[in-house]
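Residue strings, one per chain:
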Amino acid sequence: MQPLPTHRASFSIGNEAAARRVVDVLTEVFFEGDAAVAAFERPDGQWDVTLHFAEAPDQELLRELVATSAGNDIAATLSFDTVEAKDWVKASLEDLVPVPAGRFVVHGSHDRDRVAPNKLAIEIEAALAFGTGHHGTTRGCLLLLDHVLKHARPKRVLDLGTGTGVLGIAAAKALHRTVLASDIDPPSVRVAAENAALNEAGHYVRVIRATGFAAPDFATSGPFDLVLANILANPLRQLSGPMVRHLAPGARVILSGLLTHQAPAVIAAYRARGLVPLRHLRIEGWSSLLLRRVD
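Residues numbered from 1 in each chain as written. Predicted model: local features only at pLDDT ≥ 70, side-chain atom pairs only at ≥ 80, totals over all residues. Heavy atoms only, no water.

Q: Any chance you could break down the pattern of salt bridges for me, citing the residues and the numbers?
A: The final tally for this structure, using the stated rule, is 6 salt bridges. Taking the shortest distance from any N to any O, the salt bridge between arginine 190 and glutamate 194 comes out at 3.7 Å. Highlighted residues: arginine 190 and glutamate 194, both in helix α7 (residues 186–198), separated by 4 residues, approximately one helical turn. Overall, the relative accessible area of 45% leaves glutamate 194 in the partly exposed class. The salt bridge partner of aspartate 217 is arginine 206, with a shortest N-O separation of 2.8 Å. Residue aspartate 217 is located in helix α8 (residues 217–221), and its partner arginine 206 is located in strand β10 (residues 205–209); the two are separated by 11 residues in the primary sequence. The structure contains a network of salt bridges with shared partners spanning Arg103, Asp146 and Lys150. (Salt bridge = Lys/Arg side-chain N within 4 Å of Asp/Glu carboxyl O. Helix = DSSP H or I, 4+ residues; strand = E, 2+ residues; numbered from the N terminus. Buried < 20%, exposed > 50% of the residue type's maximum accessible area, 1.4 Å probe, protein only.)

Q: Summarise the sheet that holds strand β5 (residues 99–101); cite the residues concerned and give the values.
A: Strands pair in a sheet through their backbones, by hydrogen bonds, and they do so in one of two ways: parallel or antiparallel. One open sheet accounts for 3 strands, arranged β5-β6-β7; its pairing is mixed. Two strands close off the open sheet at either side, each with one partner strand: β5 and β7 (120–123). Each adjacent strand pair in this sheet contributes to an overall mean axis angle of 25°, direction not counted. Here 3 bridges tie β5 to strand β6 (residues 104–107), and the two strands are oriented antiparallel to one another. Residue pairing across strands places valine 99 opposite valine 106, the latter belonging to β6. (Pairing = 2+ DSSP bridges. Axes fitted to C-alpha atoms, helices over the stretch in contact; angles between N-to-C directions.)

Q: Quick rundown of the environment of leucine 180? Include the residues and the values.
A: Mapped onto the elements of the fold, leucine 180 is located in strand β9 (residues 179–183). Given the relative accessible area of 4%, leucine 180 is considered buried. For the pair leucine 180 and aspartate 217, spaced 37 residues apart in the sequence, the C-alpha separation amounts to 8.4 Å. If sequence neighbours within four positions are ignored, leucine 180 has contacts with Val157, Leu158, Asp159, Arg206, Ile208, Asp217, Phe218, Ser221 and Phe224. (Contact = heavy atoms within 4.5 Å.)

Here's what the structure looks like:
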C-alpha cells in the first residue's frame, strides 16, 4: 500500500536565532502528532523551516503565526505543497553528511556504517535540527570538549540548553559518567532524551526541563567540573552569575552560540566572575570559548 502524501508548508529565514524563535512558536501551537517541524541550515547561512501535516493545514492561521514570530515579509514567502510521506525525512538526512570534530563524529542513521571504529559516533536523527553538528557552534563545542578531555576527566558535567542533546551525549560517551542536560523547551527535552537512548547513553544522560539554573537538580548534581552551554550571547551573559555559583574550583566552561563580534562582551562578563579564557575557536562567523575558573 502506497503511503498517503503529506502536506508541507515551508519558508526560509535569516539566521539561527530567528529560526529558533519561530520554531518555538510553531511547536507550542501544534501538538505532537499535529505537525512535524524541522529547521535546517543552508550553505548560505539561511535556515529552511518546514512543517509537515497529515491533513491540509489552515493556511491563513499558519501565515498569521509566522507573521507574529518572524514578520510579515517572511510570512509572505510561506509556500504550501504536498510530498510523499517519509520522503522529506530521507532527503533531510541525506543532506547531513558526517561531521568530524576531534574524536567525535556526528552523523545520521544512513551514515552509521561510515564512521571509523576509532571515533566516538553520535547519531542524531531529523527533528529540530539545532545541534546536529553541522552548525559552527556545535562543532566548536565538540572540538573544545575534545581538547578538555585530553587534559582532564571531569566528574560532574552539565549540558545547559541541550537542544538535541549532542554535547551531553558526547561527554557521556567519552567519560562514561552521568551528565545533567537541561533545556527550557519541552520538545528539545524529549528529543534529547530520545537521542541519548538512541546512542546507548540514556543511562548516563539525565534530561530535565529548566529555565536557567532555577531547578533544584543543579544544586544536587553540582558543583560542576565542566559546563557546556551552546545558547546565545545575551542569555550567556545573564547566566554568568548563576553559573559561577554552580561551578567547582578549577571548573572549565565551554560557551558558544555567539557571533564572533559578541565574544569580547561574553568573555568580560565571565572574567568579572573569576573565569579566564583559555581558547577561542572561530568557525563560520561563530565563536566558541573555553574558560576556566581560577578564584
